[in-house]
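Listed below, chain by chain, are the residues.
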Amino acid sequence: MKALKPDTIAPPFAAYSHGIDVTAKRLVATSGQLGLAADGSIPEGAEAQADICLANIDAILAEAGLDRANIIRLNAFVTGREHMAGYMAARDRYLEGLPVLPASTLVIVSGFTCPEFVVEIEVLAAENA
Amino acid sequence: MKALKPDTIAPPFAAYSHGIDVTAKRLVATSGQLGLAADGSIPEGAEAQADICLANIDAILAEAGLDRANIIRLNAFVTGREHMAGYMAARDRYLEGLPVLPASTLVIVSGFTCPEFVVEIEVLAAENA
Amino acid sequence: MKALKPDTIAPPFAAYSHGIDVTAKRLVATSGQLGLAADGSIPEGAEAQADICLANIDAILAEAGLDRANIIRLNAFVTGREHMAGYMAARDRYLEGLPVLPASTLVIVSGFTCPEFVVEIEVLAAENA
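The notes below deal with the structure included here. In this convention, every chain numbers its residues from 1, walking through the sequence in written order. The lettering of chains begins at A and the numbering of ligands begins at 1, in the order of writing. Confidence filtering applies because this is a predicted model: local features only for residues at pLDDT of at least 70, side-chain atom pairs given and counted only at 80 or more, and all residues used for totals across whole chains, interfaces and linings. Hydrogen atoms and water are omitted, and side-chain values are computed over all heavy atoms in the structure.

With a 1 Å grid laid over protein atoms only, a set of points is called a cavity when a 1.4 Å probe fits there but cannot get out and a pocket when it is open yet has protein on both sides within 12 Å along at least five of seven lines; lining residues have an atom within 4 Å of a point. Grid points are joined across faces, edges and corners, and a volume is the space filled by probe spheres set on the points. What the largest pocket holds in volume is close to 160 Å³. Along the wall of the largest pocket there are 16 residues; nearest its centre are Gln33, Leu34, Leu36 and Asn56 of chain B together with Ala10 of chain C.

All copies are superposed by least squares; the fitting set is the C-alpha atoms of residues with a pLDDT of at least 70 in both. By a simple turn and slide, chain A fits onto chain B: the slide is 0.0 Å along the axis, the RMSD is 0.0 Å, and the turn is 120°. Overall, the copies show the geometry of a three-fold rotation axis. Residues of chain A ranked by C-alpha distance from the rotation axis are headed by Val109 of chain A, positioned 3.0 Å from it. Contacts were defined at the residue level, with two residues in contact if any of their heavy atoms lie within 4.5 Å. With a heterologous cut-off of 20% or less, the 14% of interface residues of chain A that recur at the interface of chain B puts this contact in the heterologous class.

Moving on, we get to the relation of the copies chain A and chain C. Mapping chain A onto chain C calls for a rotation angle of 120° and an axial translation of 0.0 Å; the resulting RMSD is 0.0 Å. An overlap of only 12% is found between the interface residues of chain A and their copies at the interface of chain C, pointing to separate contact surfaces.

Okay, the interface of chain A and chain B next. The partner chain B presents 33 residues to the 29 residues of chain A that form the contact. Carbon and sulfur atoms supply 57% of the area that chain A and chain B bury against each other, a total of about 2400 Å² over both sides. For this document, the term salt bridge refers to a Lys or Arg side-chain nitrogen within 4 Å of an Asp or Glu carboxyl oxygen. Taken together, chain A and chain B are joined by two salt bridges. Across the pair Glu122 of chain A and Arg73 of chain B runs a salt bridge whose closest N-O atoms are separated by 3.2 Å. Nitrogen and oxygen atoms within 3.5 Å of one another constitute a polar contact, given that in protein one can donate a hydrogen and the other can accept it, and given that sequence-neighbouring residues count only through two side-chain atoms. In this structure, the connection of chain A to chain B is made through 19 residue pairs in polar contact (both at pLDDT 80 or more). Buried surface area refers to the total accessible area, computed with a probe of radius 1.4 Å, that the two partners give up upon joining, counted for both partners together.

For the rest of this paragraph, the subject is helix 1 (residues 46–63) of chain A. Helix numbering and strand numbering both begin at the N terminus, where a helix is a DSSP run of H or I of at least 4 residues and a strand a DSSP run of E of at least 2. In a helix, the anticipated span is given by 1.5 Å times the number of residues less one. Between its terminal C-alpha atoms helix 1 of chain A stretches 26 Å, which fits the 26 Å expected from 18 residues at 1.5 Å a residue. Within the span of helix 1 of chain A, buried status applies to Ala46, Gln49, Ala50, Ile52, Cys53, Leu54, Asn56, Ile57, Ala59, Ile60 and Leu61 of chain A. Buried residues along helix 1 of chain A sit against strand 3 (24–30), strand 4 (71–78), helix 2 (84–95) and strand 6 (119–128) of chain A together with strand 1 (2–4) and strand 2 (19–22) of chain B. Just past helix 1 of chain A, the residue Gly65 of chain A takes up positive phi, approximately 75°. The cut-offs for exposure are 20% and 50% of the maximum accessible area for each residue type, with area from a 1.4 Å probe on protein chains only; residues under the lower value are buried, those over the upper are exposed, and the others partly exposed.

Further remarks concern the environment of Tyr16 of chain B. Along the chain, Tyr16 of chain B falls in the loop between strand 1 and strand 2. Judged by its relative accessible area of 8%, Tyr16 of chain B falls in the buried class. With 20 residues separating them along the chain, Tyr16 of chain B and Leu36 of chain B place their C-alpha atoms 25 Å apart. Not counting residues within four places of it along the chain, the set of residues in contact with Tyr16 of chain B comprises Ser31 of chain A together with Lys5, Arg91, Leu101, Pro102 and Ser104 of chain B. A distance of 3.2 Å separates a polar side-chain atom of Tyr16 of chain B from the backbone nitrogen of Phe13 of chain B.

Structure representation (structure tokens):
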């Protein structure tokens with residue numbers, strides 16, 4: 001897995017790669033994860049919810065014998081610009097120390113299945129050939 | 001194609017998998033499909049429109065010799081929470097009986113190419129190696 | 001890479017394919033690109049911003065030795081229906097002359113990292129086996 005970071009374009013806004021090049025042996029696609037805690041509660045704030053989404057993604061990847069280092073792209077949706085900082089803080093912590101940072105797309109949308117959710121995250125991951 | 005359903009996280013809200021693990025020989029990506037009927041009309045309601053989107057996806061997959069059992073992930077967008085139930089009813093019917101349910105992401109957005117459309121669906125599918 | 005265009009469904013609204021079938025040797029996923037010019041300015045209008053997004057995508061693909069002919073799917077988000085025409089004009093120009101047109105999904109969302117941005121584009125690309 002190789003990061004694509006052409007120096008002719010502005011560097012990424014945060015800790016992600018502009019692109020990822022991978023010779024994929026296996027692919028893992030996750031569903032969009034929401035901030036539903038194990039006890040059924042929904043914590044307030046994008047950061048706490050994103051922490052749950054990302055922990056879920058770890059658990060899903062682990063079922064396939066993979067981990068966060070295998071993520072090609074994170075696609076995140078938040079319900080308002082005020083939730084971006086919290087999501088980005090959770091994402092930065094999640095990706096910290098990875099040798100190759102995944103690609104990342106972040107979009108503000110109108111909502112998810114329940115009004116309490118302020119962030120949803122899905123990933124595409126790959127095992128290198 | 002294997003469903004990833006870690007028991008440490010809440011089960012899916014509906015009939016989909018938290019993640020899919022696939023050794024892909026071929027990939028098929030569809031464009032976002034809209035609820036445009038063959039006669040050029042746009043039926044009212046998310047369920048009727050989603051039925052068309054999903055029938056289109058079947059037709060596209062069939063061109064590649066694949067079918068709905070090859071779908072890795074469904075990405076759906078609806079224009080309001082009131083359209084979720086209709087979309088989910090169509091999706092549940094569409095996925096009924098599949099041995100492995102695809103991953104699924106559902107987001108509320110502001111709209112599509114024409115104001116009459118209330119749902120848009122794209123899929124990523126794969127033929128197993 | 002093969003275009004999937006079943007004749008049982010309405011033809012694409014514009015210059016894209018309903019689906020793409022590819023035996024992928026390598027995959028490239030880009031981050032969502034925004035209309036930030038090299039000098040740090042953000043031009044007005046979806047068309048000018050989309051031109052920058054697509055030039056960035058070319059640069060990212062080039063780092064992997066690929067080009068726009070390798071794009072499987074373009075996923076674009078605009079912040080209003082009034083920005084669709086500008087985005088589509090940029091996309092049509094970008095895809096002109098390609099032997100196989102990629103799949104394409106276009107959705108109206110609420111916004112991106114900065115309010116000045118009106119369009120965001122990501123792609124999934126593949127090198128044929």
